[in-house]
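# Structural overview for review
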Amino acid sequence: QVQLVESGGGWVQAGGSLRLSCAASGRTSSIYAMGWFRQAPGKQRELVASITSGGITNFANSVKDRFTISRDSGKNMVWLQMNSLKPEDTAVYYCAARRITQVNYDYWGQGTQVSVSS
């Protein structure tokens, strides 16, 4: 099992920045990819960014050039740096992890709220 704990959410004005952190514990050696998802009220959860153990990153089109994802496997940490935030970025953000044997992300954090005001 893997446990994920997010931190760093909060409220910010449009154009501002936030940095989300995710700490992994447990059987972290089984983790292949880590990602950040978000879910806004009334909307489906969507993948925001992901990073593999080899450092390959992927971003949703809506956040490219504004968000960056980084990972320190030795410290079992992953971060999401969010710049130039927009009101439409308001959502609960979830950290997730995927084992190499799995197609879908199978470990999830509890989520952290990000609110962006105009």
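Cut-off values and rules
- Residues numbered from 1 in each chain as written.
- Predicted model: local features only at pLDDT ≥ 70, side-chain atom pairs only at ≥ 80, totals over all residues.
- Heavy atoms only, no water.
- Pairing = 2+ DSSP bridges.
- Helix = DSSP H or I, 4+ residues; strand = E, 2+ residues; numbered from the N terminus.
- Axes fitted to C-alpha atoms, helices over the stretch in contact; angles between N-to-C directions.
- Buried < 20%, exposed > 50% of the residue type's maximum accessible area, 1.4 Å probe, protein only.
- Lys, Arg positive; Asp, Glu negative; His and termini not counted.
- Salt bridge = Lys/Arg side-chain N within 4 Å of Asp/Glu carboxyl O.
- Polar contact = N/O pair within 3.5 Å; in protein donor to acceptor, adjacent residues only side chain to side chain.
- Contact = heavy atoms within 4.5 Å.
- Disulfide = S-S within 2.5 Å.
- Core = buried A, V, L, I, M, F, W, Y, C linked by side-chain atoms within 4.5 Å.

A few words on the sheet that holds strand 1 (residues 2-7). Strands sit in the order 1-3-8-7 across an open sheet of 4 strands; the sheet is antiparallel. One side of each edge strand has no neighbouring strand; the edge strands of this open sheet are strand 1 and strand 7 (67-72). Pairs of neighbouring strands in the sheet enclose a mean axial angle of 15°, with direction left out of account. Bridging between strand 7 and strand 8 (residues 77-82) involves 6 bridges; their strand directions are antiparallel. By the bridge assignment for strand 8, I69 is matched with L80.

Attention now moves to the pairing of strand 7. A one-sided burial pattern is seen for strand 7, the buried positions being F67, I69 and R71 and the unburied ones T68, S70 and D72. Between strand 7 and strand 8, which follow one another and run antiparallel, lie 4 residues, and N76 among them has a positive phi close to 55°.

Let us now look at the side chain of E6. Assignment of secondary structure puts E6 in strand 1. R45 provides the closest opposite charge to the buried, unpaired E6, separated from it by 8.5 Å. Among the polar contacts made by the side chain of E6, one reaches the main-chain amide nitrogen of C95 at a distance of 2.8 Å. A polar contact is formed between the side chain of E6 and the backbone nitrogen of Q110, at a distance of 3.0 Å. Excluding residues that lie within four positions of it along the chain, E6 makes contacts with S21, C22, W36, Y93, Y94, C95, G109, Q110, G111 and T112.

So, about the state of the cysteines. Simply put, disulfide is the name for a covalent bond between the sulfur atoms of two cysteines. Inspection of every chain in the model, using the stated rule, returns 1 disulfide. Between the sulfur atoms of C22 and its disulfide partner C95 the distance amounts to 2.1 Å. Taking the sign of the S-S torsion, -80° for the link of C22 and C95, the bridge is left-handed. A residue pair is termed long-range when its members are at least 10 positions apart, and C22 in strand 3 (residues 18-26) and C95 in strand 9 (residues 91-99) qualify at 73 residues. The same class applies to C22 as to C95, namely buried.

Let us look at the nonpolar core. If you look at the biggest cluster of nonpolar residues, it comprises 30 residues, and the most contacted ones within it are L4, M34, W36, L80, M82 and Y93. For this core, the secondary-structure elements that each account for two or more residues are strand 1, strand 3, strand 4 (31-39), strand 5 (46-52), strand 7, strand 8, strand 9 and strand 11 (112-117). L4 has contacts with C22, A23, A24, M34, C95, A96, A97, Y107, W108, G109 and Q110, leaving out every residue within four places of it along the chain. In this structure, F37, Y94, A96 and Y105 belong to the second largest nonpolar core, which totals 5 residues.

Time to look at the pattern of salt bridges. For side chains bearing opposite charge, pairing can occur when the charged atoms are close. This structure, assessed with the given rule, holds 4 salt bridges. The salt bridge involving E46 is made with R38; its shortest N-O contact spans 2.7 Å. D106 is the partner of R99 in a salt bridge, and the nearest nitrogen-oxygen pair spans 2.6 Å. Judged by relative accessible area, which is 25%, D106 ranks as partly exposed. Each of R38, E46, R66 and D89 takes part in salt bridges that share partners, so that together they form one network.

Scope: geometric values only; no functional claims are made or implied.
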